[in-house]
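Single-letter residue listing:
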Amino acid sequence: MNTTQVSPGTHVPVLVIGGGQAGLSVSHHLGRAGVDHLVVEKQTAVHAWSDTRWDSFTLVTPNWHCRLPGYHYEGPDPDGFMTRDQVVEWLHGWLDTFDPPLAEHTAATRLARTATGFEVTLAGPVGERTVTADEVVVATGGYPVPVIPPYAPFLDPAVTQLHSEQYRNPDQLDEGAVLVVGSGQSGAQIAEDLHLAGRRVHLAVGGAPRVARFYRGRDCMTWLADMGLYDTPAQQYPGGKAAQEKTNHYVTGRDGGRDVDLRRFAAEGMRLYGTLTSGRDSGLHFDPTLTDALDSADRVYNSICADIDRHIAEHGIDAPPPTRYEPVWAPESDPTSLDLAAEGITTIIWAIGYRPDYRWIEASAFDGAGHPMQTRGETEIPGLSFVGLPWMHTWGSGRFLGIDRDAGYVAEGIIARRHAARKDQAS
């Protein structure tokens, strides 16, 4: 894969900002259609997989979900879960199948509309330069900025603080106990990684739900795919927006895949708390939400299993008998405080997510929360599209399972507009 150099004043018919799998998928479709375009990436292609995942990371979706334009997982374990390094190798195998026009180490720092299209400021090793484009696809990821709470700077400076994207393995941390804040996929799996390594772990549990890894003889996510939930448009998804915000289920693909049961971890010595609300020096304060959070996660777990039960019954599928999760541990009370020093906590890992940051885009394409206002990636700003966003079209959006479809849809719109523009010029 060759790196393209961008000269000041260059005009690019289509500029794709972001060289992850989403932006490069758009490039794949545009390239096959013969549409002149350029992809710019502030670091290196698909760098996030090698640079922001911990050492024991595995996919939480089965390998057969891994589908990109012209390239599907064809390895020996379609129902298994690739490790971080295997995902990186798989992605580089995909990149070997085509030659995207890619400018690496090139960041877009400003995007503004002009009378005829867009003006984009790019920054890189050779300095700033400005290019113009007729169409721009923003593929920088849905939430690129790590969230750190505002009170973090006021905590005891002797305690090391990391965001989950900086965590690699237990050996990187100082000796002592570790507080993980957040129980989504990253927080729950990092807490498990530390727990299995014999570290003393404290976990602040949020509102994330959980799901069974395997149920009635198959992976739950394979059942859900058969049930069409990953293909259901967001507007038709059962439960609407509230349900969409509860789809970051914690589960793991580690060691062939298994449930993440925080209650079992607690029975084995992990200390659980509710939502962390504030802190200063060595003192932290939590809402008394632990019991409700654990109960809610278990309800979702059992509800998904019940949905699978109905699917099996309706279609007459031969499967092992149904089961129901029963709690293996329950808190005697909900703790509301923690003294870092007294508990010997030397590291805090913030696993409370990311937030959007599109301040570099000068266009009225965002809602009050800073999220793009788009329909299947297309905005009301002519020529401005997005790709790679969670729930951009379906639950599969933002995942390997839905990237090709989403990128193809955005690319088809661009291809149609480019062809129409050429016809207009010819006439």
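Whatever comes next refers back to the structure up there.
Keep in mind it's a predicted model, so treat the numbers as computed, not measured.

Asker: Help me understand the nonpolar core, please; the structure alone is not making it clear to me.
Answerer: For soluble globular proteins, the rule of thumb is that nonpolar side chains tend to be buried together. One finds Val136, Leu384 and Phe400 to be the most contacted residues of the largest nonpolar core, which totals 89 residues. Broken down by element, this core gets its largest block of residues, seven residues, from helix H9 (residues 400-426). Within the second largest apolar cluster, 23 residues are counted, among which are Tyr215, Tyr230, Tyr237 and Cys305.

Asker: Is there a simple way to explain the pattern of salt bridges in this structure?
Answerer: Opposite charge on two side chains permits them to pair, given that their charged atoms come into close proximity. Tallied over the full model, the rule gives 21 salt bridges. With a shortest N-O distance of 3.0 Å, Arg84 and Asp55 are connected by a salt bridge. Residue Arg84 is located in helix H3 (residues 84-95), and its partner Asp55 is located in the loop between helix H2 (47-51) and strand S3 (67-68); the two are separated by 29 residues in the primary sequence. In this structure, Asp231 and Arg405 form a salt bridge, with 3.0 Å as the shortest nitrogen-oxygen distance. Here Asp231 is found in the loop between helix H5 (220-226) and helix H6 (240-244), whereas its partner Arg405 is found in helix H9, with 174 residues between them in sequence. Here Asp231 falls in the partly exposed class, since its relative accessible area comes to 43%. Each of Arg210, Arg263, Asp295 and Asp298 takes part in a single network of salt bridges with overlapping partners.

Asker: Looking at this structure, I do not really get helix H1 (residues 21-32). What am I missing?
Answerer: One full turn of an α-helix is made of 3.6 residues, so residues set three or four places apart face in the same direction. Compared with the 16 Å implied by 1.5 Å per residue over 12 residues, the 16 Å span of H1 between its first and last C-alpha is a close match. With nine of 12 residues buried, H1 is to be regarded as a mostly interior element. Along H1, the residues classified as buried are Gln21, Ala22, Gly23, Leu24, Ser25, Val26, Ser27, His28 and Leu30. Looking at the residues trailing H1, positive phi occurs at Gly34, about 75°.

Asker: Is there a simple way to think about the packing of aromatic side chains in this case?
Answerer: Within the structure shown, the criterion is met by 16 aromatic pairs. An angle of 65° between the planes, with centres 5.9 Å apart, marks the rings of Trp49 and Phe57 as edge-to-face. Under the relative-accessibility criterion, Trp49 is labelled buried at 8%. Each residue in the set Trp49, Trp54, Phe57, Tyr71, Trp90 and Phe400 is aromatic and connected to the rest through ring pairs, giving one cluster. The positively charged end of Arg210 is found above the aromatic ring belonging to Tyr325, 4.3 Å away from the centroid. We note Arg376 situated over the ring of Tyr409; from NZ or CZ to the ring centre the distance is 3.9 Å.

Quick notes on the rules
Residues numbered from 1 in each chain as written. Predicted model: local features only at pLDDT ≥ 70, side-chain atom pairs only at ≥ 80, totals over all residues. Heavy atoms only, no water. Core = buried A, V, L, I, M, F, W, Y, C linked by side-chain atoms within 4.5 Å. Buried < 20%, exposed > 50% of the residue type's maximum accessible area, 1.4 Å probe, protein only. Helix = DSSP H or I, 4+ residues; strand = E, 2+ residues; numbered from the N terminus. Salt bridge = Lys/Arg side-chain N within 4 Å of Asp/Glu carboxyl O. Expected span 1.5 Å × (residues − 1). Phe/Tyr/Trp six-rings, centres within 6.5 Å; stacked < 30°, edge-to-face > 60°. Lys NZ or Arg CZ within 6 Å of the ring centre and 35° of its normal.

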